[in-house]
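# Fold and geometry: a report
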Amino acid sequence: MALQLGDTAPDFKQDSTDGPISFHDWAGDSWVVLFSHPKDFTPVCTTELGEVARLKPEFDKRNVKTIGLSVDPLDDHNAWCGDIEETQGSALNFPLLADADRTVSNLYGMIHPNADNTLTVRSVFVIDPNKKIRLTITYPASTGRNFDEILRVIDSLQLTDGYKVATPVNWNEGDDVIIVPSLNNDEAAKLFPEGWDEKKPYLRMVKQPKRG
């Protein structure tokens, strides 16, 4: 059965460019972005890994660890690192799992046989500090991921975990948010004393709460 939102992210042990990884221990109290790519020494994957390395300060300030994966062996990963730094201007600064035995790929359903029966697709899993899966996205091999969108979703998840709000279409940090429908107006008035813009009883727009 495919992993679903709210499931506990499976634990595993696997080799990586940073040495052996025991996943739950490595994750600790951080959020995690676990993402797979089809193959080493391929153009789209090279650009993606360079971008994740470049965005490390953005992930760090959100308490997010990133970890990549392909089914290629560790020697290939290590050889590829130089190409990533040379062509993308950013050196790899997060672990890349060498899942040659497909332990992790099979646990997380990263191989889609109707797309390719040996290579992993571009899977993304966002996992919270409780080891729960909060987001899954699957991209085809031909399409590079938008990591700004992944950061945006993490911003939304972290905000909505702490406040009784949801984020509307195309929301970005600092934009107005929606008071959750489960909160009645009396309860909402205590949490949002400055008021809100009521478009409909179920659609109440309010300024984004300041993060604690």
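That block above? That's the structure.
What counts, and at which threshold
Residues numbered from 1 in each chain as written. Predicted model: local features only at pLDDT ≥ 70, side-chain atom pairs only at ≥ 80, totals over all residues. Heavy atoms only, no water. Helix = DSSP H or I, 4+ residues; strand = E, 2+ residues; numbered from the N terminus. Contact = heavy atoms within 4.5 Å. Polar contact = N/O pair within 3.5 Å; in protein donor to acceptor, adjacent residues only side chain to side chain. Axes fitted to C-alpha atoms, helices over the stretch in contact; angles between N-to-C directions. Parallel < 35°, antiparallel > 145°, perpendicular 65-115°, else oblique. Nonpolar A, V, L, I, M, F, W, Y, C, P; charged D, E, K, R; others polar. Pairing = 2+ DSSP bridges.

## Describing the environment of Ala141
For Ala141, the location among the structural elements is in the loop between β7 (133–139) and α6 (147–162). For the pair Ala141 and Val177, spaced 36 residues apart in sequence, the C-alpha separation works out to 34 Å. The residues contacting Ala141, other than those within four sequence positions of it, are Pro38, Val44 and Arg122.

## Quick notes on the side chain of Glu48
Locating Glu48 in the fold gives a position in helix α2 (residues 43–54). A polar atom in the side chain of Glu48 sits 2.7 Å from the backbone nitrogen of Arg145. Ignoring sequence-local partners within four residues, the contact set of Glu48 consists of Arg122, Thr143, Gly144, Arg145 and Phe147.

## Here we look at the packing of α2 against helix α4 (residues 74–88)
Taken N-terminus to C-terminus, the directions of α2 and α4 make an angle of 75°; their axes are 9 Å apart at the nearest point. By the angle between their axes, α2 is roughly perpendicular relative to α4. Contacts between α2 and α4 involve Cys45, Thr46, Thr47, Leu49 and Gly50 on the former and, on the latter, Trp80, Ile84, Thr87 and Gln88. Residue classes in the contact of α2 with α4 are distributed as 4 nonpolar, 5 polar and no charged.

## Digging into the sheet that holds strand β11 (residues 203–206)
Spatial ordering of the open sheet is given by β8-β9-β11-β10, a layout of 4 strands whose pairing is antiparallel. Looking at strand neighbours, the two that pair on one side only are β8 (165–166) and β10 (197–200), the edges of this open sheet. Summarising the sheet, strand β9 (residues 177–179) and β11 pair through 2 bridges and their orientation is antiparallel. Residue pairing for β11: Ile178 is matched across the bridge by Met205.

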